[in-house]
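Architecture and fold: a report
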Amino acid sequence: MIRPAPAWALPRCFVHRGGGALAPENTLAGLRVAALTGFRAVEFDVTLSADGTPWLIHDATLERTTTGHGRVAATPDHVLASLDAGVRHHPSFAGEPLPTLAAAAALCRALALVANVEIKPADGSEATTGACVAAEIAALWQGAPLPLVSSFSFEALLAARQAVPLLPLACLWHRPPADWRAQADRLGAFSVHCAAEAVAEGFLAEAREAGVPVLCYTVNGRELAAQCWSRGVAAVFSDRPDLLARRPS
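Quantities reported herein were computed from a predicted structural model and do not represent experimental measurements. (Residues numbered from 1 in each chain as written. Predicted model: local features only at pLDDT ≥ 70, side-chain atom pairs only at ≥ 80, totals over all residues. Heavy atoms only, no water.)

Roughly 220 Å³ of volume is contained in the largest pocket. Around the largest pocket, the lining is made up of 15 residues, and of these Ala60, Lys120, Pro121, Ala122 and Asp123 lie nearest the centre. Class assignment of the residues belonging to the lining of the largest pocket gives a composition of seven nonpolar, four polar and four charged. Taken as a whole, the second largest pocket spans an internal volume of roughly 170 Å³. (1 Å grid on protein atoms, 1.4 Å probe; cavity = no way out; pocket = protein on both sides within 12 Å on 5 of 7 lines; lining within 4 Å. Points joined across faces, edges and corners; volume = space filled by probe spheres on them. Nonpolar A, V, L, I, M, F, W, Y, C, P; charged D, E, K, R; others polar.)

Rendered as structure tokens:
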């Protein structure tokens, strides 16, 4: 079974949604804050606009994190480019734009950040989104180590694999299903990601035997992080990476 792996060592911690709780999520400001606080790995979410362009945003709708309204998938690029993605986090971030994947990729490369890109397809567009985001990643990171790509959508990951055969992929679940290994094998997934509270010892043993790294979200306390690492979890995603360790890794 060929499992394309990232050309970088897994860090112990990824900054969740770009900047965690320290900056507006899924923004360039968040990526800068992650780098300034000494972390070298970030995770962020990507979905497609009405024009088929990949943008960084977690929700299917715009209201929670931006000044926009409606579904991302129904909103054209020129409207998304006009939105404020910072002010809802804090007034000091007012004017922070919603970034495209292209802008985030350029900044990650400039700041030497490695990334986990989570594909967030709109309902009914799983395969289209997976293939599009994978192709964009291959182009944007050309000549540089590719990011790790994850999704809750198996269909999106399968399309990503078909579009870019050497893309490092990760299966993402809240709780790993009984057939987790069969799904990971079908995708040639490098790693499996799940909620920290859903990691059972039996699953960790199976993953260890299969040589599949387990990554856990969302770990915001030092004690929980230490428990995860001591149990064999390879890495965690955190909104408060600054609280996990005095020395980021």
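Under the counting rule described, the total for this entry stands at four aromatic pairs. An aromatic cluster is defined as three or more aromatic residues linked by ring pairs; in this entry it consists of Trp8, Phe14 and Phe237. Note that Arg12 overlies the ring of Trp229, its terminal NZ or CZ placed 3.8 Å from the centroid. (Phe/Tyr/Trp six-rings, centres within 6.5 Å; stacked < 30°, edge-to-face > 60°. Lys NZ or Arg CZ within 6 Å of the ring centre and 35° of its normal.)

This part is about the pattern of salt bridges. Two side chains of opposite charge can pair, provided their charged atoms sit close to one another. Within this structure, the stated rule accounts for seven salt bridges. The closest approach of N and O atoms between Arg64 and Asp59, which form a salt bridge, is 2.7 Å. Overall, the relative accessible area of 41% leaves Arg64 in the partly exposed class. Residue Asp59 is classed as buried on the basis of its relative accessible area, which comes to 18%. Where Arg240 meets Asp242, a salt bridge forms, and the shortest distance between an N and an O atom there is 2.5 Å. Classification of Arg240 by relative accessible area gives partly exposed; the value is 27%. (Salt bridge = Lys/Arg side-chain N within 4 Å of Asp/Glu carboxyl O. Buried < 20%, exposed > 50% of the residue type's maximum accessible area, 1.4 Å probe, protein only.)

Let us look at the state of the cysteines. Overall, the coordinates contain zero disulfides when judged by the stated rule. You can see Cys132 has no disulfide; the closest cysteine sulfur is in Cys108, sitting 18 Å from it. Sulfur of Cys194: no disulfide; nearest cysteine sulfur belongs to Cys216 and is 4.4 Å away. What makes Cys194 buried here is its relative accessible area of 0%. (Disulfide = S-S within 2.5 Å.)

Next up on the list: empty space enclosed by the protein. What the rule picks out here adds up to two cavities of 30 Å³ or more. A volume near 40 Å³ is recorded for the second largest cavity. As for the second largest cavity, its lining consists of Glu25, Asn26, Leu56, Ile57, His58, Thr65, Ala85 and Leu98. Across the lining of the second largest cavity, the residue classes break down as four nonpolar, three polar and one charged.

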